[in-house]
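If you want the building blocks of each chain, they are given just below.
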Amino acid sequence: MNIEKHDLVHELPEFREQIHTLKMNDRHFAKLFKEYHELDHNVRNLEQNDSPTSDEHMEELKKQRLHLKDEMFAMLQKA
């Protein structure tokens, strides 16, 4: 199974510089970025290892990841 990458720079390559700048200068963005990275890592591990988890749990994790990405995207657009 080919697992899609969802790291933030891969998802939003046009914001590479802004992502780096905000990570270094904005604590809230850095916190969200860390949460997003950890959540994405967990989702990918579950998918790659075909770990037993309910569809509902996986869907909830993916919704959380999307919410974090949406919040960071809004911050990136303002930067």
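Residues numbered from 1 in each chain as written. Predicted model: local features only at pLDDT ≥ 70, side-chain atom pairs only at ≥ 80, totals over all residues. Heavy atoms only, no water.

(A) Inspection of the overall build of the protein chain at higher detail. Summing up its helical and strand segments, the protein chain has 4 helices and 0 strands in all. Tracing the protein chain from N to C terminus, the helices and strands come up as α-α-α-α. The principal-axis extent of the C-alpha atoms belonging to the protein chain is close to 40 × 20 × 15 Å. By the burial criterion, 30% of the 79 residues in the protein chain qualify as buried. Counted over contacts in the protein chain with a minimum sequence separation of 6, partners at least 24 positions apart contribute 68%. Just so you have it, the protein chain exposes about 5700 Å², and 49% of that area is on carbon and sulfur atoms. Treating the 12 positive side-chain charges of the protein chain as one cloud and the 17 negative ones as another, the clouds have centres 6 Å apart. (Helix = DSSP H or I, 4+ residues; strand = E, 2+ residues; numbered from the N terminus. Buried < 20%, exposed > 50% of the residue type's maximum accessible area, 1.4 Å probe, protein only. Contact = heavy atoms within 4.5 Å. Areas by Shrake-Rupley, 256 points an atom, 1.4 Å probe, with all protein chains shown as cover. Lys, Arg positive; Asp, Glu negative; His and termini not counted. Charge placed at Lys NZ, Arg CZ, Asp CG, Glu CD.)

(B) Quick peek at the confidence of the model for the protein chain. When pLDDT is averaged across the protein chain, the result is 91; 94% of the residues are at 70 or more. Mean pLDDT across the elements of the protein chain bottoms out in helix α1 (residues 8-11) (89) and peaks in helix α2 (residues 16-25) (96). (pLDDT = per-residue confidence, 0-100.)

(C) Main features of the environment of L32. Structurally, L32 can be placed in helix α3 (residues 27-48). With 36 residues separating them in the primary sequence, L32 and L68 have C-alpha atoms 6.5 Å apart. Discounting residues that sit within four places of it in the chain, L32 has contacts with L68, E71, M72 and M75.

(D) Representation of the side chain of D40 within the structure. One can find D40 in helix α3. If sequence neighbours within four positions are ignored, D40 has contacts with H6, D7 and R65.

(E) Main features of α3. Over its 22 residues, α3 runs 31 Å from end to end, which matches the ideal 32 Å to within 8%, given 1.5 Å per residue. The complete set of buried residues in α3 reads F29, L32, F33, Y36, L39, D40, V43, L46 and E47. Projection of α3 onto a plane perpendicular to its axis shows the buried side chains occupying an angular sector of 160°, all on one side. Among the exposed residues of α3, those pointing more than 90 degrees away from its buried face are R27 and K34. Those residues of α3 hidden inside the fold are in contact with α1, α2 and α4 (55-78). (Expected span 1.5 Å × (residues − 1). Arc of directions from axis to C-beta.)

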